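# Report on the structure
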Amino acid sequence: MSSPSHYDVAIIGAGMSGLAAGIRLAHFGRRVCILERHSKLGGLNSFYRLDGRKFDVGLHAMTNFVPEGVRGTPLGKLLRQLRIERGEFALCPQKQSRVVFGSTGKTELRFTNDFSVLEAEIAAKFPAQIDGFRRLADLVRSYGDRVFDVPQVSARQVVREYFSDPLLEDMMFCPLMYYGSARERDMDLSQFVIMFRALFLEGFARPLEGVRLVIRVLLEKYQAAGGECRMRCGVARIVEREGRAAALVLDGGAEITADHVISSIGAAETLALCDPMVGGGLAVASAPSGMGILPMSAALGQRHGQDARATIGRRLSFVESIRVLKHQPGELGWGSDTIVFFNDSDRFDYARPAQQVDLRSGVICLPNNFDFGGAELPEGWLRVTCLADYDQWIGLPEERYRADKLRWLDESTRSARRFLPEISDATLAAETIATDLFTPRTITRFTGHLEGAVYGAPGKTPDGRTHLKNLYLCGTDQGLLGIVGAMLSGISMANQHILQPEIRGA
Amino acid sequence: MTKDDCKKLVTEIIADIAPDEDLSNLKPDVRLRDQLQLDSMDFLDIVMELRKRHGIEVPEADYIQLASLESCAEYLTPKFNALEGKR
Ligand SMILES: Cc1cc2nc3c(=O)[nH]c(=O)nc-3n(C[C@H](O)[C@H](O)[C@H](O)COP(=O)(O)OP(=O)(O)OC[C@H]3O[C@@H](n4cnc5c(N)ncnc54)[C@H](O)[C@@H]3O)c2cc1C
């Protein structure tokens, strides 16, 4: 079985999760090939070039940042497992972030990578709730590593046992949902615990160079370990035989085989590649939005019951506007916020919007405002993320699509500016060197994720198993989200399904 | 191979797996878990590195033998020597 097109493991997708899985397997001597349809690595967290300038796609901030010497956290685990030295990611901590609510930004909670700052803010602004908040933080800490021990219950319900003020409840959920909820309006308690820890107990950081550095480090590790990566090489079909993924048919028509296949492209997306005759004929890719997750539950044998799935909603997508500025945001008077989570309404509504874009809430990222230790990004950047409805973006004629991009670029910036110190329209116009907006359509086009989903389908498959014995999921639909989550997902699926069983058989 | 050689090899593996740990004062007779922040993923890696670097197989049932440096040496030295004998 040592033909050039046979591998121990084939990995579909060179995003963060696929690369991390690849590093583990190649390091331990497996013959691994990552197949990536796009011409660039990184997937949801990639970069592109426009008018000679490099734009990062994802990466507002890497979560889970802890200072050197703090051990036993997800960041430390992932560095160890991938044999990456801490310095290689060159992570620079955030300055400060805020959650701001109310149409005029009336209520605000500042937080940094030092948890006591958030505690003090809550003590000052919600004095009646601080004891409950501390007990909630203790609950989160008490799970330690054992997030799989967290009961499968609604996080909203649990949080309400700790504090009674709906405003504080929403202000807690807003950042955690934006940075890691695939589910509308609520989170599973386990995901809440993971994200609370990732954002509040740990914190934000990024390399000065952005996501490209992270991708480069991952690729170097992978290649040094002997891994192979084929770019512009999508998987068109998974051939099923006797309950196994027997072969992968590539976009060009060639076939490769592998003992194991790990797919990072999403559960329904993976199923759609499987033989249409098997697996119940799932034309998932073309199913109308919102229905995509339902037909697959039977085939995947998911643990979530159908009823539960119906209530956890639809895939969520976003627009992100990017504005390049002549000066650093601080010099323009925008202060030193790194990330600002905002909401202008009575309640925070994290859901697929009825409009094309939901301007009521969002996330502002000023990537210049990390503590780069004296260095700075050469240009200023303002990024704004808002919830968006895939359906209202996908069918547009080209001209209308371009016009809508411009319109929402403007409107989302305007909405976000309500929560930053004021600068005039004229100043902003004079400062702006370049802009772009990417949309649910962009996400689907470049990553293949159905409905522009950034965090995958609302229902997850924590054990990564599929209807085929040797086909496993990692990444967004396995359930660990964000950059750090994706890498941990790739690591744990490679360990659990491939490395551990082989040792066990020793 | 002596038991001390064996401890050295195991320490080298731990140093590569967990470069953020200080191994200079490791007590051979105290459980590794009690001195270092090692979880089950790290123990998996110790076993896999032993296999990768030295061709030593540690079946899952014997993981308990890797508790301390001393017990590692006790358990692994004969395995190393048996392998050398074959070469
Ligand atoms: C705008 C934006 C901002 C973000 N900001 C942050 C942030 O600040 N912090 C954070 O932690 N996370 C952030 N994220 C989320 C983070 O990017 C993702 O959670 C993570 O990158 C997911 O990685 P993945 O490996 O699971 O999936 P992906 O990155 O989607 O990997 C899947 C890969 O598979 C490829 N593929 C698809 N179909 C095929 C096929 N048939 N054959 C071959 N290849 C295929 C795709 O091209 C892609 O490269 C952001 C995401 C977006 C979109």
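Residues numbered from 1 in each chain as written. Chains lettered and ligands numbered in written order. Predicted model: local features only at pLDDT ≥ 70, side-chain atom pairs only at ≥ 80, totals over all residues. Heavy atoms only, no water.

### A short note on the overall build of chain B
Counting its regular elements, chain B contains four helices and zero strands. Each helix and strand of chain B, ordered N terminal to C terminal, gives the series α-α-α-α. Seen through its C-alpha atoms, chain B measures out along the principal axes to roughly 35 × 25 × 20 Å. Sorting the 87 residues of chain B into buried and exposed places 43% on the buried side. (Helix = DSSP H or I, 4+ residues; strand = E, 2+ residues; numbered from the N terminus. Buried < 20%, exposed > 50% of the residue type's maximum accessible area, 1.4 Å probe, protein only.)

### As for the site of the ligand
Residues and elements named next belong to chain A. Near the ligand lie 32 residues; those nearest to it are Ser-17, Glu-36, Asn-45, His-60 and His-449. For the ligand, an oxygen atom lies 2.5 Å from a polar atom in the side chain of Glu-36. In the complex, the protein chains occlude 96% of the 1000 Å² of accessible area that the ligand would expose alone. Elements with a contribution of two residues or more to the shell around the ligand: α1 (16–27), α16 (440–447) and α17 (482–504). The element best represented in the shell around the ligand is α17, accounting for three residues. (Near = heavy atom within 4 Å. Polar contact = N/O pair within 3.5 Å; in protein donor to acceptor, adjacent residues only side chain to side chain. Areas by Shrake-Rupley, 256 points an atom, 1.4 Å probe, with all protein chains shown as cover.)

### Some remarks on the packing of aromatic side chains
Remark: the centre distance and the inter-plane angle together describe each pair of aromatic rings, the angle taken between the planes. Residue and element names in this part refer to chain A. Counted by the stated rule, this structure contains 23 aromatic pairs over all chains. Considering the side-chain rings of Phe-115 and Phe-196, the 6.2 Å spacing of their centres and the 65° angle between planes classify their relative orientation as edge-to-face. Note that Phe-115 is positioned in helix α3 (residues 115–125) and Phe-196 in helix α7 (residues 189–202), a separation of 81 residues in sequence. Residue classification places Phe-115 among the buried residues on the basis of a relative accessible area of 9%. For the pair Phe-342 and Phe-419, a centre-to-centre distance of 4.8 Å together with 15° between the ring planes defines the contact as stacked. Taken together, the residues Phe-342 in strand β14 (residues 337–343) and Phe-419 in the loop between α14 (398–417) and α15 (425–431) connect sequence positions 77 residues apart. According to the relative accessible area criterion, Phe-342 is buried, its value standing at 0%. Taking the relative accessible area as the measure of exposure, Phe-419 reaches 4% and is therefore buried. (Phe/Tyr/Trp six-rings, centres within 6.5 Å; stacked < 30°, edge-to-face > 60°.)

### Comments concerning the environment of Met-177 of chain A
Residue and element names in this part refer to chain A. With respect to the helices and strands, the residue Met-177 is situated in helix α6 (residues 166–178). We classify Met-177 as buried; its relative accessible area is 0%. With 18 residues separating them along the chain, Met-177 and Met-195 place their C-alpha atoms 8.2 Å apart. What Met-177 contacts, discounting residues up to four positions off in sequence, is Arg-156, Arg-185, Asp-186, Met-187, Phe-348, Tyr-350 and Tyr-455. (Contact = heavy atoms within 4.5 Å.)

### Looking at α1 of chain A
Residue and element names in this part refer to chain A. If you check α1, its first and last C-alpha atoms are 17 Å apart, about what twelve residues at 1.5 Å a residue would give, namely 16 Å. Within α1, the full set of buried residues consists of Met-16, Ser-17, Gly-18, Leu-19, Ala-20, Ala-21, Gly-22, Ile-23, Arg-24, Leu-25, Ala-26 and His-27. Of the residues flanking the end of α1, it is Gly-29, one or two places downstream, whose phi is positive at about 85°. (Expected span 1.5 Å × (residues − 1).)

### Digging into the sheet that holds strand β17 (residues 432–438) of chain A
Residue and element names in this part refer to chain A. Pairing is mixed across the open sheet formed by seven strands, whose spatial order is β7-β6-β14-β15-β16-β13-β17. The open sheet has two free edges, formed respectively by β7 (107–111) and β17, since each of these has just one partner strand. For this sheet, the mean inter-axis angle between neighbouring strands, taken without regard to orientation, is 15°. Both β14 and strand β15 (residues 361–365) contribute to a ladder of five bridges, which runs antiparallel. Each bridged residue has a counterpart across the sheet, and for Val-340 the counterpart in β15 is Ile-364. Sheet strands touched by α14: β13 (317–325), β14, β15, β16 (380–388) and β17. Its angle to β13, the strand with the most contacts, is close to 80°. The strands touched by α16 are β13, β16 and β17; relative to β13, the strand with the most contacts, the crossing angle is about 100°. (Pairing = 2+ DSSP bridges. Axes fitted to C-alpha atoms, helices over the stretch in contact; angles between N-to-C directions.)

### A few points about the interface of chain B and chain A
Each side of the interface is counted separately: chain B has 22 residues, and chain A has 18 residues. In this assembly, chain B packs against chain A so that about 1900 Å² is buried in total across both faces, 50% of it on carbon and sulfur atoms. Applying the counting criterion to the chain B and chain A interface returns eight salt bridges. Here Arg-71 of chain A makes a salt bridge to Glu-21 of chain B, at a shortest N to O gap of 2.2 Å. At the boundary of chain B and chain A, one finds twelve residue pairs in polar contact (both at pLDDT 80 or more). At the level of elements, α1 (3–17) and α3 (40–54) of chain B are the ones that each hand at least two residues to the side of chain B that touches chain A. With nine residues, the single largest contributor to the side of chain B that touches chain A is α3 of chain B. (Buried area = accessible area lost by both parts, 1.4 Å probe. Salt bridge = Lys/Arg side-chain N within 4 Å of Asp/Glu carboxyl O.)

### Thoughts on the nonpolar core
Phe-89, Leu-218 and Met-487 of chain A together with Leu-76 of chain B are the most contacted members of the largest nonpolar core, which has 76 residues in total. Per-element tally for this core: the top contributor is α17 of chain A, with eleven residues. Membership of the second largest hydrophobic core comes to 68 residues, among which are Phe-55, Leu-136, Cys-365 and Leu-481 of chain A. (Core = buried A, V, L, I, M, F, W, Y, C linked by side-chain atoms within 4.5 Å.)

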